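Below, each chain spelled out in residue letters.
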Amino acid sequence: MTDKGLKGNEKIEEGIKSLKDSFTDESLAAVLTVIRKRTLENGQFVVAVDTGTSDTNLSLKTVDFNGKKWFVAFTSFDEEMKGKANVMSGFLADIAALFDMALKSPEVEGVILNPYGNMMSLNKQIIEVIKG
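Peer 1: How should I be thinking about the environment of Gln125 in this particular structure?
Peer 2: Relative to the elements of secondary structure, Gln125 occurs in helix 5 (residues 124–131). Sequence separation between Gln125 and Leu103 is 22 residues, and the spatial gap between their C-alpha atoms is 9.0 Å.

Peer 1: Please clarify how the packing of helix 2 (residues 25–40) against helix 4 (residues 95–104) should be interpreted in this entry.
Peer 2: The relative placement of two packed helices is expressed as an angle between their axes plus a distance between the axes. Packing of helix 2 against helix 4 leaves a shortest axis separation of 8 Å and a crossing angle of 110 degrees. Comparing the axis directions of helix 2 and helix 4 gives the class roughly perpendicular. Contact with helix 2, carried on its side by Ile35, Arg38 and Thr39, involves Ile95, Ala96 and Phe99 of helix 4 and no other residues of that element. Each residue belonging to the contact of helix 2 with helix 4 can be placed in one class, and the counts come to four nonpolar, one polar and one charged.

Peer 1: Just to check I follow, could you spell out the nonpolar core for this structure?
Peer 2: Burial of nonpolar side chains together is a common tendency in soluble globular proteins. Ranked by internal contacts, the top residues of the largest apolar core, which has 24 residues, are Ile35, Phe99, Val111, Leu113 and Leu122. Elements supplying a minimum of two residues to this core: helix 1 (9–21), helix 2, strand 1 (44–50), strand 4 (68–74), helix 4, strand 6 (110–113), strand 7 (120–123) and helix 5. With four residues, helix 4 is the single largest residue contributor to this core. The contacts of Ile35, once residues within four sequence positions are left out, are Ile12, Phe99, Leu113, Met120, Leu122 and Ile130. Membership of the second largest hydrophobic core comes to five residues, among which are Leu6, Val46, Val72 and Phe74.

Peer 1: Please explain the packing of helix 4 against helix 5 as it appears in this structure.
Peer 2: At their nearest, the axes of helix 4 and helix 5 sit 10 Å apart, and the two run at 140 degrees to each other. Of the possible angle classes, the one that applies to helix 4 and helix 5 is oblique. The way helix 4 lies across helix 5 gives a crossing that is left-handed. Contacts from Phe99, Asp100, Ala102 and Leu103 of helix 4 reach helix 5 at Lys124, Ile127, Glu128, Ile130 and Lys131. Its residues assigned to classes, the contact of helix 4 with helix 5 shows five nonpolar, no polar and four charged.

Peer 1: Can you help me understand unusual backbone geometry in this one?
Peer 2: Across residues other than glycine, the phi torsion is negative in most instances, and most of the peptide bonds are trans. Of note, the phi angle at Asn42 is positive, near 60 degrees, even though the residue is not glycine. Along the polypeptide, Asn42 turns up in the loop between helix 2 and strand 1. Judged by its relative accessible area of 59%, Asn42 is exposed. At Asn66, a residue that is not glycine, the phi angle is positive and equals roughly 55 degrees. With respect to the helices and strands, the residue Asn66 is situated in the loop between strand 3 (62–65) and strand 4.

The rules behind these values
- Residues numbered from 1 in each chain as written.
- Predicted model: local features only at pLDDT ≥ 70, side-chain atom pairs only at ≥ 80, totals over all residues.
- Heavy atoms only, no water.
- Helix = DSSP H or I, 4+ residues; strand = E, 2+ residues; numbered from the N terminus.
- Axes fitted to C-alpha atoms, helices over the stretch in contact; angles between N-to-C directions.
- Parallel < 35°, antiparallel > 145°, perpendicular 65-115°, else oblique.
- Contact = heavy atoms within 4.5 Å.
- Nonpolar A, V, L, I, M, F, W, Y, C, P; charged D, E, K, R; others polar.
- Core = buried A, V, L, I, M, F, W, Y, C linked by side-chain atoms within 4.5 Å.
- Buried < 20%, exposed > 50% of the residue type's maximum accessible area, 1.4 Å probe, protein only.
- Left-handed = near helix turned anticlockwise from the far one by under 90°.

Treat this as a map of the structure, not an account of what it does.
Right, here's the structure in full:
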């Protein structure tokens, strides 16, 4: 059973896969439109967290990609489990709140969706486009 906040994210996964199969401006616009729709529907992503050295020291997990730091998010728990370190702490976060956090964090470039499967990077410029 899919968590209510994640329901509809399979359309994002399908869109990302279609981008990998055949990248066009139209297919990119379609995926960004689906992400925008999920944002407006108060959709959620699974967000990975680093626990740090104590239980009170939580932060969003980042990955290095092309020499820059990115927040990590997943469209589903199945996507999260594809990683080599598939036992990680995570929680559901509103897509809009995650995007706002990325935009306000100077140390990150944006958000990487599904880094262990059909991945899509959303830099701050793309996030601004999605937000409208």
